[in-house]
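# Secondary and tertiary structure notes
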Amino acid sequence: MKPNKKSLSDLGGIMYSTDPSFSYETENEVPQEVIANNQQDLRVMLDKKNRGGKAVTLVTGFRGNAEDLEKLSKMLKTKCGVGGSAKDGEIMVQGDFRDKVVLMLQKEGYKVKKSGG
């Protein structure tokens, strides 16, 4: 999925101001609250779409901050001995490691379901 291009509406309608005392106010993001592992409902599935026929194990449904997502992703990729990535609440692990990933996530205390074929 391609990220949307920035538009004027993303900037709040202000592009340039000639007023020397103008200061652009940014909206502060509210930090996401930490959700316990046993309250997270994760789905593990095999995905081959838009990957040239290569299979990836996709973990979706993660709620939390980016640091926790990266930690979990790194742990899964290390235990499986493969590469992958993590962004937008999804973890991609290269290859078909659904059973192994489900077991590892259950050991960490997550509620996990295998979905898809």
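This text gives an overview of the structure that appears in the document.

What counts and how
Residues numbered from 1 in each chain as written. Predicted model: local features only at pLDDT ≥ 70, side-chain atom pairs only at ≥ 80, totals over all residues. Heavy atoms only, no water. Salt bridge = Lys/Arg side-chain N within 4 Å of Asp/Glu carboxyl O. Helix = DSSP H or I, 4+ residues; strand = E, 2+ residues; numbered from the N terminus. Pairing = 2+ DSSP bridges. Axes fitted to C-alpha atoms, helices over the stretch in contact; angles between N-to-C directions. Contact = heavy atoms within 4.5 Å. Core = buried A, V, L, I, M, F, W, Y, C linked by side-chain atoms within 4.5 Å. Buried < 20%, exposed > 50% of the residue type's maximum accessible area, 1.4 Å probe, protein only.

## Observations concerning the pattern of salt bridges
Counted under the stated rule, the structure contains 4 salt bridges. Close ionic contact of Asp 96 with Arg 98 constitutes a salt bridge, the shortest N to O distance being 3.1 Å. For Asp 99, the salt bridge is made with Lys 114, and the minimal N-O distance between the two is 2.5 Å. Of this pair, Asp 99 sits in helix α2 (residues 98-107) while Lys 114 is found in strand β5 (residues 111-114), placing the two residues 15 residues apart along the sequence.

## Side note on the sheet that holds β5
Across the sheet, 5 strands lie side by side as β3-β4-β2-β1-β5; this open sheet has mixed pairing. Both outer strands of the open sheet, β3 (84-87) and β5, are each paired with one neighbouring strand and no more. Pairwise comparison of adjacent strand axes, ignoring direction, gives a mean angle of 20 degrees for this sheet. Examined bridge by bridge, strand β1 (residues 41-47) and β5 share 4 bridges and lie parallel to one another. Across the sheet, the residue bridging to Val 44 is Lys 114, located in β5. Of the strands in this sheet, β2 (56-60), β3 and β4 (90-94) are in contact with helix α1 (residues 66-80), which crosses β4 at around 15 degrees. Contacting β1, β2 and β5, α2 runs over the sheet at an angle of about 165 degrees to β1.

## Remarks on the nonpolar core
Of all hydrophobic cores here, the largest spans 18 residues; its most connected members are Val 59, Leu 72, Leu 76, Ile 91, Val 101 and Leu 105. Of all elements in the fold, only β1, α1, β4 and α2 reach the threshold of two or more residues within this core. Residues contacting Ile 91, with those up to four places away along its chain left out, are Thr 57, Leu 58, Val 59, Leu 69, Leu 72, Ser 73, Leu 76, Ser 85 and Ala 86.

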